[in-house]
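Overview (structure and organization)
Given next are the chains, with one letter for each unit.
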Amino acid sequence: MNDNTNNNNSNSNNRRGRSGIVHNNNSTFSSNRLRSSLNRTSERKRSNRSGLGLSGSGVPERAPKRDYSNSARSDRGTLSTNNRSRNDDRTDRKDSIRVFHSGDAPAYSGRSRFDSFNRPERSNRKMERTGHDRRFSRNSDGYESRPYDSQRTQAYKLKVQRWGINGEGIAYKNRKPVFVDGVIPEETALIEITEDNEKYAKGKLVRILEESPRRRHPVCPIADQCGGCALMHVDYKGQVRAKEKLLKEALKKYAGYTGEIEPIVKNPTPLAYRNACKFPFGKDEEGKITTGMYERNSNDFVPVARCLIHTKKLEKIRHEVEEVLQKYEMKPFDKESGIGLRNLVLKEFDDRVHIILVTSEMDLPEEMVNELLSLENAASVWQSIKDEEDMEFEMFGNRMIHLGGDMKMTLSLDDLSLELLPRSFFQLNTAQAKQLYEQVVEWIPENTGLLVEAYSGIGAMSLFAADKCDEVIGIEVVEDAIANAKENALANGKENVRFICGDAGEELEKVADAQQVDFLLVDPPRSGLNKKMKESIHKAAPEKIIYVSCNPATLGKDLAEMNDQYQIEKIVPFDMFSQTPHVEVACLLSRKYA
């Protein structure tokens, strides 16, 4: 009993010490605590009143008057059009895009929820409720918006519909195609119109709004400058799909073909596959000679620290060659003086690299040549002298001088041993070239009579096909390549193979006048078959034709002209040039009979 009494007294004393008045357990707050609570409530009310722009008496304060004069607008930085609600300035809304010109900037970085007191225009509440910006409209061509400034800039929100043949994306604005680099079909992007022609337009990517799952960050740091790898921003699955799509569209458009196309033969090494380097010389930031590329659609030289599609050996020796040239103070070609180094060409076969310097009329120091030959994996050094009289688009000049090392380039493919000279052409992807040749040979039936290969180069396909034919004739216009082809036939014991130097169309006609051509192989340049060649094919009328093409558009056009005499049996695409839109195609044709 006493213990309980003592405890109660102790609790009462504690309560008296805090408030000065004794309360029982059911009593209300003390007057002091109530007064403190009321004071805190008053402070919160005064704070809210000031945040809402209210005076202490609760009357709304007048917002400061804003200056909307032209001078104030130019100082502050404005959007490209006037009388546009401030709700349009929000950058966090997906469909609201701001376009500022160079030097312009917004005077504010965001907006308060209470800015409506100071805003002279009416807020677009419907847009905020529905998430739909009425400035943008959907039509059959995709999403499109009005330009912010019709005089200075035309920027549109467009959906990319399909691929262009050069790896660009194609969107549509009012049914007019707009070609844009760096975008992928199914993406939505903000695109600035840079060139508007009657039938097409060109655009520049401002930014991606809706990204494709096929997009990747380019592994090359200068992919957007160099322009050599137009599909570097697309993953490999997307690249091969793009090439298959481009091939189908070209054959349908030009040849009316909608039949089956075999799956593309993929490149086992999408990077570091290219066996040849062809770079112009220029200057680095320190003014020293170096190699690189010209920026896309310009004459601006861009030094290339590393090219990811070259083999590792090519890249290693390229930089070593640059160091040697810098040591001997070599200079890139100067148009005014007409003196200097034009291009560096490197070719790698069987792990050995051949160095070709394309220059003006000049002597190269012997000590420098010897130092180049001493580089690891260097097999030979050549100088190609290119004068003003030589055609500008040709890589090499008319004169080729052997400066040291091996006299020939050697290449092994299966059981074949091939030799090349610097001007001789060979496929840039050795591994894929082998698969292409194997596919061609597979289509050639056993015991074929006479097979003619037009545009035969060094004779690789002719030699691969020799065992299935009674006789093989190769035709090539490049003298160096014909010299290599004849030597390759002798070296590999192919006695039933011979080669003719001359125009493919003219020489085919001569052969067809003398004997029956049973099978024809054609591997023309990107321009396709010329008129004379098509006439010769029509006269020769071989039973089968294998057309190897590196350009789907010209392939489709040529097939359309041959449609009255030949039908398509099989088409197999090969990814020979990864990171680019180019595709190699093997097409088997058979002659029609009434």
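Residues numbered from 1 in each chain as written. Predicted model: local features only at pLDDT ≥ 70, side-chain atom pairs only at ≥ 80, totals over all residues. Heavy atoms only, no water.

A few points about the overall build of the protein
Along the backbone of the protein there are 14 helices and 23 strands. With 594 residues in all, the protein has 46% of them scored as buried. Considering only intrachain contacts with a sequence separation of at least 6, the fraction spanning at least 24 residues in the protein is 60%. For the protein, the exposed surface amounts to about 32200 Å²; the carbon and sulfur share of it is 46%. (Helix = DSSP H or I, 4+ residues; strand = E, 2+ residues; numbered from the N terminus. Buried < 20%, exposed > 50% of the residue type's maximum accessible area, 1.4 Å probe, protein only. Contact = heavy atoms within 4.5 Å. Areas by Shrake-Rupley, 256 points an atom, 1.4 Å probe, with all protein chains shown as cover.)

Section: the side chain of Q239
Residue placement: Q239 occurs in helix α6 (residues 236-255). Its relative accessible area of 1% is what places Q239 among the buried residues.

Structural notes on the sheet that holds strand β6 (residues 188-196)
The sheet built from 5 strands closes into a barrel, its strands ordered β3-β4-β5-β7-β6 with mixed pairing. In this sheet, adjacent strand axes meet at a mean angle of 50° when their direction is disregarded. Sheet topology places strand β3 (residues 155-163) next to β6; 5 bridges connect them, and they run antiparallel. Bridged to L158 within β6 is A189. (Pairing = 2+ DSSP bridges. Axes fitted to C-alpha atoms, helices over the stretch in contact; angles between N-to-C directions.)

Things to note about the confidence of the model for the protein
Of the residues in the protein, 73% reach a pLDDT of 70 or more, and the chain-wide mean stands at 81. Low confidence marks residues 1-30, where pLDDT is under 50. Its contacts with residues over four positions away, or in another chain, come to 9 contacts. (pLDDT = per-residue confidence, 0-100.)

Here we look at the packing of aromatic side chains
With the rule as written, the count across this model stands at 5 aromatic pairs. Aromatic pair F179 and Y200: ring centres 6.1 Å apart, planes at 75°, arrangement edge-to-face. With F179 in strand β5 (residues 176-180) and Y200 in the loop between β6 and β7 (201-210), this pair connects stretches of sequence that are 21 residues apart. Among the residues examined, Y200 registers a relative accessible area of 32% and is labelled partly exposed. With 6.1 Å between their ring centres and 75° between their planes, Y294 and F301 make a pair best called edge-to-face. (Phe/Tyr/Trp six-rings, centres within 6.5 Å; stacked < 30°, edge-to-face > 60°.)

A short note on the packing of helix α7 (residues 312-327) against helix α8 (residues 366-373)
It is the contact of α7 with α8, at a shortest axis distance of 10 Å, that shows an interaxial angle of 160°. One element, α7, and the other, α8, form an angle in the roughly antiparallel class. As for the relative orientation of α7 and α8, their crossing is right-handed in sense. Within the contact between the two elements, α7 uses V321, V324, L325 and K327 and α8 uses M368, E371 and L372. Of the residues that constitute the contact of α7 with α8, the class distribution is 5 nonpolar, no polar and 2 charged. (Parallel < 35°, antiparallel > 145°, perpendicular 65-115°, else oblique. Left-handed = near helix turned anticlockwise from the far one by under 90°. Nonpolar A, V, L, I, M, F, W, Y, C, P; charged D, E, K, R; others polar.)

Notes on the packing of helix α12 (residues 504-514) against helix α13 (residues 531-540)
Put simply, α12 and α13 touch, their axes get as near as 8 Å, and they point 15° apart. As judged from the angle between their axes, α12 and α13 are roughly parallel. In terms of crossing hand, the pair formed by α12 and α13 is left-handed. Of the residues in α13, those in contact with A504, G505, E506, L508, E509 and A512 of α12 are K532, M533, S536, I537, K539 and A540. The residue makeup of the contact of α12 with α13, split by class, is 6 nonpolar, 2 polar and 4 charged.

Observations regarding the sheet that holds strand β8 (residues 276-283)
Spatial strand order, β10-β9-β8-β11-β12-β13-β14: 7 strands in an open sheet with mixed pairing. Single-partner strands in this sheet number two, and they are β10 (301-303) and β14 (399-405). In this sheet, neighbouring strand axes are inclined to one another by 35° on average, regardless of whether the strands run parallel or antiparallel. Here 7 bridges tie strand β12 (residues 352-359) to strand β13 (residues 378-385), and the two strands are oriented parallel to one another. Paired with I356 across the strands is W382, a residue of β13. The sheet strands contacting α8 are β12, β13 and β14, and the helix crosses β13 at an angle near 140°.

Some thoughts on helix α9 (residues 430-443)
Side chains three or four residues apart in an α-helix point the same way, a direct result of the helix having 3.6 residues per turn. Taking 1.5 Å per residue as the helical rise, α9 with its 14 residues ought to reach 20 Å, and the 21 Å between its terminal C-alpha atoms agrees with that figure. Burial in α9 covers these residues: Q432, A433, L436, Y437, Q439, V440, V441 and W443. Looking at the buried positions of α9, the neighbouring elements they touch are β15 (409-413), α10 (460-465), β20 (519-522), β21 (544-549), β22 (566-574) and β23 (584-591). Its side-chain oxygen 3.4 Å from the backbone nitrogen of A431, N429 forms the N-cap of α9. (Expected span 1.5 Å × (residues − 1). Polar contact = N/O pair within 3.5 Å; in protein donor to acceptor, adjacent residues only side chain to side chain.)

Comments concerning the environment of D467
Mapped onto the secondary structure, D467 falls in the loop between α10 and β18 (469-476). A relative accessible area of 63% places D467 in the exposed class. Separated by 29 residues in sequence, D467 and N496 place their C-alpha atoms 8.8 Å apart. Within the structure, D467 has its side chain in polar contact with the side chain of K494 (distance 3.2 Å).

A short note on the pairing of β7
Pairing of β5 with β7 involves 3 bridges; the strand directions are parallel. Paired with V180 across the strands is G203, a residue of β7. As paired strands, β6 and β7 are joined by 8 bridges and run antiparallel to one another. The partner of L190 across the bridge, within β7, is R207. In sequence, β6 turns back onto β7 through a hairpin of 4 residues.

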